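Listed here are the chains, written in short residue letters.
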Amino acid sequence: MSTPTHGSNKIPCTLIPGDGIGPEIVEAVIQVLDALGAPFEWDRQAGGMAGIAVGGDPLPYATLDSIRRNKLALKGPLTTPVGGGFRSVNVRMREEFQLYANLRPAHTLVPGGRYDNIDLILVRENLEGLYVAFEHYIPVGDDPHAVAISSGVNTRSGAERIVRYAFEHALQQGRKKVTLVHKANVLKALTGVFLEAGKHIAKEYEGRIECDDRIVDACAMQLVLNPWQFDVIVTTNLFGDILSDLIAGLVGGLGAAPGANIGEKAAIFEAVHGSAPDIAGKGIANPTALLLAAGLMMDHVGLTDQARALRKAIDGVLNTDKVRTGDLGGKASTSEYANALVHRIGSAG
Ligand code: NAI
Ligand code: MG
């Protein structure tokens, strides 16, 4: 995907500070990216409760328009308004920008947890499958919910597109293997077409990237017993939703988990966690997940050296300097942690 650049050679990027801890962690991320010399030109836009406050919509038109223009966004967490009949911002963005790929890497940051040396990437199809939610009830007698019916939709083109994305990402990241995860033994059509399309695409990468496949339930067990056998996993929407949380659990939860939503019309990068209202405004939130999301964004636009430098600085600060925020057992504030990263980046340069 080409990214528009201005005369200044800066990369324009929509920046949504978001709600709760969003503005605090976004500020830390900007400080660290500045220290790296990452050439982004930030286009700040409102979203979530902040969007409702400004224009009565959690996803204001100006924000959508900015993403449409820049094709790139870094998004803080948004509080989901309770009541008010607002549609999910994430679903609206997925549809609007055809964000077909959800990328969720899981990488051990702090050794000594239940699993060490985890380094997995999960690629989830984001637009099709059972999550199209073509659902209805059939009433029987006086029970309006006597029968519930749901249809899933997987297309060959959608399956080929997501599998191709997974292989291209594997190549770009120097990975060795892609595992296709399905349930083609039972859902022979719905997930059979995914497996069939996946095996077809895999042929194009023969000799460069290995390919195998797993049935989703067996895959879940194997991820718990021996996660190191996997490298890149690609799967359909529902299975991807479940397995991406599973692999976040392998590296100690959502606290440091980044996510990317990639589409033809835009790519949106965010932390997996929410707006953490319980600690908002206290200056103690961990910005690592959003930093890692910014790292994925730099990889995406070809700033791979800076992305690598960012990950190296995070590792150094967490494991050598042992500067950690409270959620990782440390005492550092958000800004102390950000300053430690800036210091490391400065001394590495
Ligand atoms: P949450 O992820 O905001 O918080 C869960 C727990 O993790 C809390 O104890 C929180 O303090 C802690 N936590 C989360 N991020 C942290 C960080 N960076 N550093 C330190 N601790 C952190 O989930 P919750 O409470 O269920 O949701 C809060 C709001 O966020 C809701 O309105 C929810 O809808 C929204 N949300 C938005 C998401 C998004 O915009 N992508 C994703 C998930 C939730
Ligand atoms: Mg989920």
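**Observations concerning the overall build of the protein chain**
Of the regular secondary structure elements, the protein chain holds eleven helices and twelve strands. Over its C-alpha atoms the protein chain spans a radius of gyration of 21 Å, differing by no more than 12% from the 20 Å that the globule rule assigns to 349 residues. In terms of its C-alpha atoms, the protein chain occupies a principal-axis envelope of roughly 65 × 50 × 45 Å. A total of 349 residues make up the protein chain; the buried ones form 49% of that total. Pairs at least 24 residues apart make up 73% of the contacts formed inside the protein chain by residues separated by at least 6 positions. For the protein chain, the exposed surface amounts to about 15800 Å²; the carbon and sulfur share of it is 53%. One finds the centroid of the 33 positive side-chain charges in the protein chain at a distance of 3 Å from the centroid of its 38 negative side-chain charges.

**A word on the site of ligand 1**
In the neighbourhood of ligand 1, 18 residues make up the surrounding shell, with Thr80, Gly274, Ala276, Asp278 and Asn286 lying closest. Here an oxygen atom of ligand 1 sits 2.7 Å away from a polar atom, N or O, in the main chain of Ala276. For ligand 1, an oxygen atom lies 2.8 Å from a polar atom in the side chain of Asp278. Surface burial for ligand 1 is 65%, taken as the share of its 810 Å² of free accessible area covered by protein chains.

**Concerning the nonpolar core**
Across soluble globular proteins, nonpolar side chains show a tendency to be buried alongside one another. Counting residues in each nonpolar core, the largest one holds 69 residues, and the members touching the most others are Phe40 and Phe269. When residues in this core are grouped by element, the largest group, nine residues, is from helix H9 (residues 288–300). In contact with Phe40, not counting residues within four places along its chain, are Lys10, Ile11, Cys13, Leu33, Leu72, Met297, Met298, Val301 and Leu303. Core analysis: the second largest hydrophobic core is formed by 15 residues, Ala106, Tyr115, Ile118 and Cys219 among them.

**Let's talk about the environment of Ala271**
By secondary structure assignment, the location of Ala271 is in strand S12 (residues 267–271). Discounting chain neighbours no more than four positions away, the residues touching Ala271 are Lys75, Ala257, Ala289, Leu290 and Ala293.

**Details of helix H4 (residues 89–96)**
At the N-terminal end of H4, a side-chain oxygen is found 3.3 Å from the backbone nitrogen of Asn90, two or three residues along, and the residue is Ser88. Following H4 by one or two positions, Gln98 has its phi on the positive side, about 45°.

**Considerations on helix H1 (residues 22–36)**
It helps to recall that an α-helix has 3.6 residues per turn; residues three or four apart then point in one direction. Look at H1: 21 Å from first C-alpha to last across 15 residues, which is about the 21 Å you get at 1.5 Å a residue. Considered for burial, the residues of H1 that qualify are Gly22, Glu24, Ile25, Val26, Ala28, Val29, Ile30, Val32, Leu33 and Leu36. In the segment just after H1, Gly37 is the residue with positive phi, at about 75°.

**As for the sheet that holds strand S4 (residues 101–107)**
Think of a sheet as strands paired side by side through backbone hydrogen bonds, with each pair either parallel or antiparallel. As summarised here, the arrangement of the ten strands in space is S2-S1-S3-S12-S11-S4-S5-S10-S8-S9, forming an open sheet in which the pairing is mixed. Looking at the sheet topology across the chains shown, the edges are occupied by strand S2 (40–44) and strand S9 (210–215). Pairwise comparison of adjacent strand axes, ignoring direction, gives a mean angle of 25° for this sheet. Seen against the sheet, helix H6 (residues 192–203) touches strand S8 (177–182), S9 and strand S10 (232–235) and runs at an angle of roughly 165° to S8. Sheet strands in contact with helix H8 (residues 237–250) are S4, strand S5 (119–125), S8 and S10, and its direction is about 160° off that of S5.

**Let's talk about the domain arrangement of the protein chain**
One can read the domain layout of the protein chain as domain 1 (1–97 + 265–349) and domain 2 (110–118 + 127–251). Relative placement of domain 1 and domain 2: their C-alpha centres are 27 Å apart. With seven residues of domain 1 at the contact, the number on the domain 2 side is five residues. When domain 1 packs against domain 2, close to 510 Å² is buried across both sides, 57% of that on carbon and sulfur atoms. Among the residues domain 1 hides against domain 2, the three largest losses belong to Arg94, Asp299 and Asn319. Together they make up 55% of the total. At the junction of domain 1 with domain 2, the criterion picks out zero salt bridges. Summed over the shared surface of domain 1 and domain 2, the result is one residue pair in polar contact (both at pLDDT 80 or more). Across the side of domain 1 that touches domain 2, the residue classes break down as two nonpolar, two polar and three charged.

Cut-offs and rules
- Residues numbered from 1 in each chain as written.
- Chains lettered and ligands numbered in written order.
- Predicted model: local features only at pLDDT ≥ 70, side-chain atom pairs only at ≥ 80, totals over all residues.
- Heavy atoms only, no water.
- Helix = DSSP H or I, 4+ residues; strand = E, 2+ residues; numbered from the N terminus.
- Rg over C-alpha atoms; globule rule 2.2 N^0.38 Å.
- Buried < 20%, exposed > 50% of the residue type's maximum accessible area, 1.4 Å probe, protein only.
- Contact = heavy atoms within 4.5 Å.
- Areas by Shrake-Rupley, 256 points an atom, 1.4 Å probe, with all protein chains shown as cover.
- Lys, Arg positive; Asp, Glu negative; His and termini not counted.
- Charge placed at Lys NZ, Arg CZ, Asp CG, Glu CD.
- Near = heavy atom within 4 Å.
- Polar contact = N/O pair within 3.5 Å; in protein donor to acceptor, adjacent residues only side chain to side chain.
- Core = buried A, V, L, I, M, F, W, Y, C linked by side-chain atoms within 4.5 Å.
- Expected span 1.5 Å × (residues − 1).
- Pairing = 2+ DSSP bridges.
- Axes fitted to C-alpha atoms, helices over the stretch in contact; angles between N-to-C directions.
- Domains from an automatic or database assignment.
- Buried area = accessible area lost by both parts, 1.4 Å probe.
- Salt bridge = Lys/Arg side-chain N within 4 Å of Asp/Glu carboxyl O.
- Nonpolar A, V, L, I, M, F, W, Y, C, P; charged D, E, K, R; others polar.

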